[in-house]
Amino acid sequence: MEENPRAGLQDEDSDLELEYDEDGNPIAPKKSKIIDPLPAIDHSEIDYNDFEKNFYSVHEEISSLTEEQVNELRETLGIKVTGPSPPRPVASFAHFGFDDALMEAIIGSLSTLNYSITTPSRTRCLLGKGLLLVLPDGSVNGCFHMPMLVHINGPETWLQKEMDHIGLDSPLPLANLSCTIYNEAKKFGKVYNVNVVCCYGGGSKWEQSKALEGGAEIVVATPGRMIDLVKMKATNLVRVTYLVLDEADRMFDMGFGE
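Reading the values: rules and limits
Residues numbered from 1 in each chain as written. Predicted model: local features only at pLDDT ≥ 70, side-chain atom pairs only at ≥ 80, totals over all residues. Heavy atoms only, no water. Helix = DSSP H or I, 4+ residues; strand = E, 2+ residues; numbered from the N terminus. Areas by Shrake-Rupley, 256 points an atom, 1.4 Å probe, with all protein chains shown as cover. Phe/Tyr/Trp six-rings, centres within 6.5 Å; stacked < 30°, edge-to-face > 60°. Buried < 20%, exposed > 50% of the residue type's maximum accessible area, 1.4 Å probe, protein only. Core = buried A, V, L, I, M, F, W, Y, C linked by side-chain atoms within 4.5 Å. Domains from an automatic or database assignment. Contact = heavy atoms within 4.5 Å.

Looking at an unreviewed UniProt entry, one finds the chain named Helicase ATP-binding domain-containing protein and attributed to Laodelphax striatellus.

(A) Region of interest: the overall build of the chain. In terms of regular secondary structure, the chain is built from nine helices and six strands. Roughly 14,900 Å² of accessible area belongs to the chain as shown, and the carbon and sulfur atoms make up 50% of that amount.

(B) Up close: the packing of aromatic side chains. Considering all chains together, one arrives at two aromatic pairs under this definition. Ring centres 6.1 Å apart and planes at 50 degrees place the aromatic pair F93 and F96 in the tilted group. Classification of F93 by relative accessible area gives buried; the value is 9%. A connected cluster of aromatic rings, assembled from ring pairs, spans F93, F96 and F98.

(C) Here's a closer look at the nonpolar core. F93, F98, L102, I106, F188 and I218 are the most contacted members of the largest nonpolar core, which totals 29 residues. The biggest single contributor to this core is helix α5 (residues 145-152), with five residues. Residue-level mapping places this core at the junction of two domains, with at least three residues from each of domain 1 (50-154) and domain 2 (160-257). Excluding residues within four positions of it along the chain, F98 makes contact with F93, M103, I106, L126, M146 and V150. Core analysis: the second largest hydrophobic core is formed by ten residues, A216, A221, M226 and L229 among them.

Here it is as structure tokens:
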């Protein structure tokens, strides 16, 4: 990599430093952060490639359960679901159909994974369906990353080239939260030699743009910094096929929805 001309310098437009409440949740500032929006995009003029979204097959041990047993399993796991035809809960990570390599990584991380809370969300993600998830802080470790890795390694997924990304995980504009998610993605991503890039305010735009130009399957980025990098043409996000918005409600409180 070339020498960084901005090494050691702090960006003037780094993301906000927030205060926290007694539960450790970031407190939205009194004034919303003003961010110049990206230009409007006419998606009809872009030729998007088709891609596979559904990578889930119901395990035979789950498909053989009666409705009464399904309800009992949901009650045991503390799961409440609404909506038409919700997926059946699973009783083990083995029921997701993950391959041996990913299962080995999961087994090595069981102490940090909250299985009972996140099991229906993983199933939904593997099905390629949209999901709105409300969970206690710190309970989503690996929740979205495991299905994302399956998605990345799917048979219909194309090889990545420069400026192409499959997964985009966008947390609140906090460097420490971005790094936490990045480390989690790296931990599971190394199973498949997946390249993960982290972009956040306060870090070097030059280094982050170079990392994106080198290619990445997963990008963890705060919203303000990602907008900056798109404007710099460091990436175009055209081939993002899996998107996670972490703490989305707080992003809206901070003005990122406008």
